[in-house]
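For reference, the chains in residue letters:
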Amino acid sequence: MAKKSIIAREVKRRKLAAQHQTQRSELKKRLVDESLSYDERWQAMIDLQRLPRDSSRFRQRNRCALTGRPRGFFRRFGLSRNVLREVVMRGEAPGVVKASW
């Protein structure tokens, strides 16, 4: 199980990313818009850098919803491989069948 502080940090990052998503996208559009003057584009870059670092969605790490484990993560289920195996064995994952051949 991951430390509670690490899990809380990821929750904070997701919240910040959602909060600043529209502002970041507007600034990025202004940054690549060649019809704007150099100074306006430069100011857009400065404004983008002033936003909180954790508001970037690329700083987020996929983690298991139950344990917080960062590795072996399955996006489809939102779980790590260890927990996914237990959930499938209990029959709680819809549409998943254990392979046998």
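Quick caveat, the model's predicted, so the values are computed rather than measured. (Residues numbered from 1 in each chain as written. Predicted model: local features only at pLDDT ≥ 70, side-chain atom pairs only at ≥ 80, totals over all residues. Heavy atoms only, no water.)

Chemist: Please clarify how the overall build of the protein should be interpreted in this entry.
Modeler: Counting its secondary structure elements, the protein contains three helices and two strands. Beginning at the N terminus, the succession of helices and strands in the protein can be written as α-α-β-β-α. Relative to the 2.2 N^0.38 estimate, which gives 13 Å for 101 residues, the radius of gyration of the protein is 20 Å and therefore markedly larger than a compact globule would have. Viewed in the frame of its principal axes, the protein has a C-alpha envelope of about 65 × 35 × 20 Å. (Helix = DSSP H or I, 4+ residues; strand = E, 2+ residues; numbered from the N terminus. Rg over C-alpha atoms; globule rule 2.2 N^0.38 Å.)

Chemist: Is there a simple way to explain the packing of helix α1 (residues 4-32) against helix α2 (residues 38-50) in this structure?
Modeler: The relative placement of two packed helices comes down to the angle between their axes together with the axis-to-axis distance. Interhelical geometry of α1 versus α2 gives an angle of 150° and a closest axis separation of 8 Å. Between α1 and α2, the angle is such that the two are roughly antiparallel. Once α1 is placed against α2, the crossing between them reads as left-handed. Between α1 and α2, the residues in contact are R24, L27, K28, R30 and L31 and E40, R41, A44, M45, D47 and L48, respectively. Taken together, the residues of the contact of α1 with α2 sort by class into five nonpolar, no polar and six charged. (Axes fitted to C-alpha atoms, helices over the stretch in contact; angles between N-to-C directions. Parallel < 35°, antiparallel > 145°, perpendicular 65-115°, else oblique. Left-handed = near helix turned anticlockwise from the far one by under 90°. Contact = heavy atoms within 4.5 Å. Nonpolar A, V, L, I, M, F, W, Y, C, P; charged D, E, K, R; others polar.)

Chemist: Is there a simple way to think about the nonpolar core in this case?
Modeler: Note that soluble globular proteins tend to have their nonpolar side chains buried in a common cluster. The biggest cluster of nonpolar side chains holds seven residues, and these are C64, L79, V83, L84, V87, V88 and A93. It is helix α3 (residues 81-89) that provides the largest number of residues to this core, a total of four residues. Ignoring any residue separated from it by four or fewer positions in sequence, one finds V83 in contact with C64, L66 and T67. (Core = buried A, V, L, I, M, F, W, Y, C linked by side-chain atoms within 4.5 Å. Buried < 20%, exposed > 50% of the residue type's maximum accessible area, 1.4 Å probe, protein only.)

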